[in-house]
Amino acid sequence: MSGIRLIVGLGNPGRDYESTRHNAGCWWVDEFARRHGLSFKLETKFHGLVARGNVEGHELWLLKPQTFMNLSGRAVGALAQFYKIEPAQILVAHDELDLPPGSAKLKLGGGHGGHNGLKDIAAHLGPGYWRLRIGIGHPGDRSLVSAYVLNDPRREEMELIDIALARAQDVAKLIVEGKQEAAMLKLHTA
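Undergrad: Hey, could you go over the pairing of strand β1 (residues 6-9) for me, with residue numbers and the actual values?
TA: A two-sided burial pattern is seen for β1, the buried positions comprising Leu-6 and Val-8 on one face and Ile-7 and Gly-9 on the other. In this structure, β1 lies alongside strand β5 (residues 90-96), joined through four bridges in parallel fashion. Following the sheet pairing, Leu-6 is matched in β5 by Ile-90.

Undergrad: I'd like a rundown of the environment of Met-184, residues and numbers included.
TA: Its place among the elements puts Met-184 in helix α7 (residues 180-189). By relative accessible area, Met-184 is classed as buried at 17%. Taking the C-alpha atoms as reference, Met-184 lies 23 Å from Asn-54; in sequence the two are 130 residues apart. Discounting residues that sit within four places of it in the chain, Met-184 has contacts with Leu-106, Trp-130 and Thr-189.

Undergrad: Let's hear about unusual backbone geometry: which residues, and what values?
TA: The backbone of His-47 sits at a positive phi, close to 55°, despite the residue not being glycine. One can find His-47 in the loop between β2 (41-43) and β3 (48-55). Under the relative-accessibility criterion, His-47 is labelled partly exposed at 24%. In this structure, Glu-56 is a non-glycine residue whose phi angle is positive, near 55°. Assignment of secondary structure puts Glu-56 in the loop between β3 and β4 (58-65). The exposure class of Glu-56 is partly exposed, given its relative accessible area of 38%.

Undergrad: Help me get a handle on the pairing of β3, residues and values and all.
TA: Relative to β3, β2 is paired through three bridges, and the arrangement is antiparallel. Its bridge partner being in β3, Leu-42 is matched across the sheet by Leu-49. Here β2 folds back onto β3, and the loop between the two strands holds four residues, one of which, His-47, carries a positive phi near 55°. The sheet contact formed by β3 and β4 spans eight bridges and is antiparallel. Bridging across to β4, Asn-54 finds its partner in Glu-59.

Undergrad: Explain the pattern of salt bridges to me, and be specific about the residues and the numbers.
TA: By the definition in use, this model includes 14 salt bridges. As a salt-bridge pair, Arg-15 and Glu-18 come within 3.6 Å of each other at their nearest N and O atoms. We note a salt bridge from Arg-21 to Glu-157, for which the minimum N-O separation is 2.8 Å. With Arg-21 in the loop between β1 and α1 (24-35) and Glu-157 in helix α5 (residues 155-170), this residue pair connects regions lying 136 residues apart in the sequence. The exposure class of Arg-21 is buried, given its relative accessible area of 5%. The exposure class of Glu-157 is buried, given its relative accessible area of 8%. A cluster of three or more residues bridged by salt bridges with shared partners is formed by Arg-21, Arg-154, Glu-156 and Glu-157.

Undergrad: Now, about the packing of aromatic side chains: what can you tell me, with residues and values included?
TA: Taken as a whole and assessed by the stated rule, the structure comprises six aromatic pairs. When the centroid spacing of 5.9 Å and the interplanar angle of 85° are considered together, the rings of Tyr-17 and Phe-68 count as edge-to-face. Highlighted residues: Tyr-17 in the loop between β1 and α1 and Phe-68 in the loop between β4 and α2 (72-82), separated in sequence by 51 residues. Its end group placed over the ring of Phe-82, Lys-45 keeps NZ or CZ at 4.2 Å from the ring centre. Sitting over the ring of Phe-40, Lys-64 keeps its end group 4.5 Å from the ring centre.

Quick notes on the rules
- Residues numbered from 1 in each chain as written.
- Predicted model: local features only at pLDDT ≥ 70, side-chain atom pairs only at ≥ 80, totals over all residues.
- Heavy atoms only, no water.
- Buried < 20%, exposed > 50% of the residue type's maximum accessible area, 1.4 Å probe, protein only.
- Helix = DSSP H or I, 4+ residues; strand = E, 2+ residues; numbered from the N terminus.
- Pairing = 2+ DSSP bridges.
- Contact = heavy atoms within 4.5 Å.
- Salt bridge = Lys/Arg side-chain N within 4 Å of Asp/Glu carboxyl O.
- Phe/Tyr/Trp six-rings, centres within 6.5 Å; stacked < 30°, edge-to-face > 60°.
- Lys NZ or Arg CZ within 6 Å of the ring centre and 35° of its normal.

Shown next as structure tokens:
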């Protein structure tokens, strides 16, 4: 299995959004960067904040699109095309309505489930990229989803999300090395 060369943290840019549920992917990527001593800088040609470094012996790019969620594919597509990174070498960390807070799952491909960021990435790359799905729960009614993802989690939800984010950090080395099966086994059985 191929190692990961690009990790994307989905979210919306700006202070107004940084603590909202929709930014769970950015939270995970920020912690990954912190643990590995990587710093982000704005790269306008990639429409996002980019960090680059050597992690576990692998050259790796991190990307936080600054296009707003619905246009995330523009940033991911630009960086992947420029550095010739295949979809199977990309991990996209994102919020997941279909998983409860406290849950994190690794998955290759699959549908976008109404997630506009994933929908746009699939339009640019196709469906064959890895996804780190970070559970944020569902408000119970489809009409409430937009407001739900654009608001901060309640304290008790955030505590559970933090646990899931930490568990996902614990398998990051396996993911980067291309050992996704082992990462899934560890993450999904915790």
